[in-house]
Amino acid sequence: MSPEKVTLPLADGGTITLVGLAGGGVQKEGCDGGTIRAVKYLPGSRTLWFPRTDVAGAGVDLAPPLSEALAAFLNGHSVSHNLPHPPSTTPLPASPRGRASPEPPASPLSPAGGRKAGDGGFREKSGGGAKVGVGDVVLVKDQWYRVVKEMSCWNRYELEAGGGHRVWRDGKALEPAPRVSLGWDPRMVAHGESEGPAPDILTLPERPDRCRCLWEHLEAEGIVEQCARVEGRVADKDEILAFHTPAHFERVMARDPAAVDDPTNAATTPLTEGTPIAARVAVGCVIDVTTRVLATGRPGVAIVRPPGHHAERDRGMGFCLFNNVALAAMAALRANAGVSRVLVLDWDIHHGNGIQQAFYGNPAVLYISLHVRAGGNFYPGTGMLSEVGDGKGAGFNVNIPWREPGVGDKEYQLAFDAVVLPVARGFNPDLVLVSAGFDAAAGDPLGMCNVSADGFARMARQLLGLARGRVVFALEGGYSIDALCACASAVLLAVLAHLPAGGGGAGGDEPPALSSRAASFSSTLNSTTAPGGGGGGGSPRSPVSPAGSGGPPAGDAYAGMPASSPAVLVDVCRVLLPYWPCLEASIPGLEELEKRLKRDEDVALLVARRQMFDG
């Protein structure tokens, strides 16, 4: 049974008294005190947060950490304060435009429950001024809202929820929600920097300028200042050994060329003086961004190199040394952070053989990869659609192997609607990790495909509808700096604009019914047209994607797509059908689309032949 009153010491020497009242009534304790209702408590934190308070400040610092039992006592009770002076007014971390925002809870993934001073962790600029302003995201009664209008004379703000619902709230009761996490550390640039007679770094695809130029671009566009900076951290050896062998770890630390056990890649992944630290910082950065995403309920982006999705247990390959995303997924599953199912979505144009190896028999991780395979002639040659997992993990490895380069927005959107989203919703992940390579972008010298910045942003928006917005995008490939900057910034803007339906990383709205979504695909795919002429080069608006997720198609949404693309998806659905019955509804529409596109191709071939003979 909960005690009726608990008094706790504060860091500033005062006390705070927790009073349990039947029916949640209000209690006064003399002229020095007032009563605070609806306490916001973050487990493991040293601070009580008040959505509404009669005293200065938004929170009070406790001397000891609170226990889970005390957290349960707080739930539904009012709290009264009896302080010799106002609560501690230590500056809070700043939100965009310099306003105060709640500090994130202690890291659930770190071994000690938090970061030591000086070893990285979370960094947010200090500031002051008004608590909230137009454009800020706030959390009210477990619902995310964006501030859309301010009535300054009354200190009231109009808030809009994700579904369009609007309410007015007193500005004194509002605090900006934690910001989107953005991970980066300049130490990662040191990997591959020339040390004399080394390969010409400027000609290598995975070169230091990739991330350096991207970060400078994000700063110039004003995107960095809208995010909460997560500094890099040198990952612990034990964190890396969760997947990799001790021998591989030591080879990377010693800069042994055998660490890259791949003849086609040894010359393009120089192990320079900065490589060991850069590789460990990349792992630590993705883990720490994941930590903050789980703590705040808001998404995050990690700009890291070297990339990781090709790195296998005992070797690096494909520019990769340690498997950043796989290690972050393992850390999340190990931690007591409410994560039992992780979706890893890999949209890099090359198959993530290392991630597949890491979770091939693990039903707690659903791995979905969209990649070009070209009959095994496209690097690394793995990722056949028949590779569905092993043992208890059978059905949890989903490969969507395009038969040839050149795929673009239409193919990716079709794959999302027909396969990715139905399977992901059926899996119902607690966390989504995206191996966000941008080498499928138009203009990339290695990918040779045609996905646009808008296409990547659209995929990001759809993924943000999963796991109550707890989504991490970790950089993998992308070797055209112009395309990388354009596509990565488009994804970050989509992340910043996202407003989850539910609050705080817990609760929230359930996704739409899987059966109705899949059924709508079959019934509407064949009639997805809009007024206008030509196939157009823009991205199609999917027949089953959320309203407003893309622009309207010009003419037939899938005109010009090779018939082989829906054919691949039909094969994927048939292979996965024993594990994911929801895919049965996608097959008829895909087959009809394949026939229609094949007819178009036959007609175009006949016309071309006739023109050749007439000429």
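Computed from a predicted structure; not experimentally measured. (Residues numbered from 1 in each chain as written. Predicted model: local features only at pLDDT ≥ 70, side-chain atom pairs only at ≥ 80, totals over all residues. Heavy atoms only, no water.)

Where helix 8 (residues 409-427) meets helix 9 (residues 453-463), the closest approach of the two axes is 10 Å, and the angle between their N-to-C directions is 15°. Looking at the two axes, helix 8 sits roughly parallel to helix 9. In terms of crossing hand, the pair formed by helix 8 and helix 9 is right-handed. Of helix 9, the residues touching helix 8 (which contributes Asp-409, Tyr-412, Gln-413, Phe-416, Asp-417 and Leu-421) are Gly-455, Arg-458, Met-459, Gln-462 and Leu-463. Tallied by class, the residues present in the contact of helix 8 with helix 9 amount to 5 nonpolar, 3 polar and 3 charged. (Axes fitted to C-alpha atoms, helices over the stretch in contact; angles between N-to-C directions. Helix = DSSP H or I, 4+ residues; strand = E, 2+ residues; numbered from the N terminus. Parallel < 35°, antiparallel > 145°, perpendicular 65-115°, else oblique. Left-handed = near helix turned anticlockwise from the far one by under 90°. Contact = heavy atoms within 4.5 Å. Nonpolar A, V, L, I, M, F, W, Y, C, P; charged D, E, K, R; others polar.)

Quick look at the nonpolar core now. Side chains of a nonpolar character, in soluble globular proteins, are inclined to be buried together. Counting residues in hydrophobic clusters, the biggest one holds 130 residues, and the most contacted among them are Trp-347, Ile-400 and Phe-473. When residues in this core are grouped by element, the largest group, 11 residues, is from helix 8. Excluding its chain neighbours within four sequence positions, the residues that come into contact with Ile-400 are Ile-368, Ser-369, Leu-370, His-371, Ala-415, Val-419, Val-420, Leu-569 and Val-572. By size, the runner-up hydrophobic cluster in this structure holds 10 residues, among which are Val-132, Val-140, Tyr-145 and Ala-161. (Core = buried A, V, L, I, M, F, W, Y, C linked by side-chain atoms within 4.5 Å. Buried < 20%, exposed > 50% of the residue type's maximum accessible area, 1.4 Å probe, protein only.)

Take the confidence of the model for the protein next. Mean pLDDT over the protein stands at 75; residues scoring 70 or higher make up 67%. Note on residues 503-555: pLDDT under 50 across the span, and 106 contacts to partners over four residues away in sequence or across chains. (pLDDT = per-residue confidence, 0-100.)

Here we take up unusual backbone geometry. Cis geometry marks the peptide bond from Arg-305 to Pro-306, where omega comes out at 0°. Among the secondary structure elements, Pro-306 is positioned in the loop between strand 15 (300-302) and helix 6 (324-334). Between Tyr-379 and Pro-380 the backbone carries a cis peptide bond, its omega angle lying at -5°. Along the polypeptide, Pro-380 turns up in the loop between strand 17 (365-372) and strand 18 (397-402). The backbone of Met-448 sits at a positive phi, close to 55°, despite the residue not being glycine. Tracing the backbone through its elements, the reader meets Met-448 in the loop between strand 19 (431-436) and helix 9.

Our next topic: the sheet that holds strand 9 (residues 137-140). Spatial strand order, 9-10-11-12: 4 strands in an open sheet with antiparallel pairing. Strand pairing shows two members of the sheet lacking a second neighbour, strand 9 and strand 12 (166-170), which therefore form its edges. With direction set aside, neighbouring strand axes in the sheet form an average angle of 45°. Bridging between strand 11 (residues 156-161) and strand 12 involves 5 bridges; their strand directions are antiparallel. When the bridges of strand 12 are listed, Glu-158 appears paired with Trp-168. (Pairing = 2+ DSSP bridges.)

Attention now goes to the packing of helix 5 (residues 275-296) against helix 6. Between helix 5 and helix 6, whose axes approach to 9 Å, the crossing angle comes to 45°. As judged from the angle between their axes, helix 5 and helix 6 are oblique. The hand of the helix 5/helix 6 crossing is right-handed. Residue-level contacts link Ala-279, Ala-282, Val-283, Val-286, Ile-287, Thr-290 and Leu-294 of helix 5 to Asn-324, Leu-327, Ala-328, Ala-331 and Ala-332 of helix 6. A breakdown of the residues in the contact of helix 5 with helix 6 according to their chemical character gives 10 nonpolar, 2 polar and no charged.

With that settled, the discussion passes to the side chain of Ser-565. Relative to the helices and strands, Ser-565 is located in helix 12 (residues 564-576). Under the relative-accessibility criterion, Ser-565 is labelled buried at 3%. Apart from residues no more than four positions distant in its own chain, Ser-565 is found in contact with Trp-402 and Glu-411.

In this structure the tally under the stated criterion is 12 salt bridges. Close ionic contact of Arg-166 with Glu-160 constitutes a salt bridge, the shortest N to O distance being 3.4 Å. Classification of Arg-166 by relative accessible area gives partly exposed; the value is 42%. Relative accessible area serves as the criterion here: at 25%, Glu-160 is assigned to the partly exposed category. Residue Lys-598 is joined to Asp-602 by a salt bridge in which the shortest nitrogen-to-oxygen separation is 3.0 Å. With a gap of 4 residues between them, Lys-598 and Asp-602 both fall in helix 13 (residues 587-614), about one helical turn apart. Accessibility expressed as a relative area gives 35% for Asp-602, which makes it partly exposed. Residues joined by salt bridges that share partners form a network here, namely Glu-158, Glu-160 and Arg-166. (Salt bridge = Lys/Arg side-chain N within 4 Å of Asp/Glu carboxyl O.)

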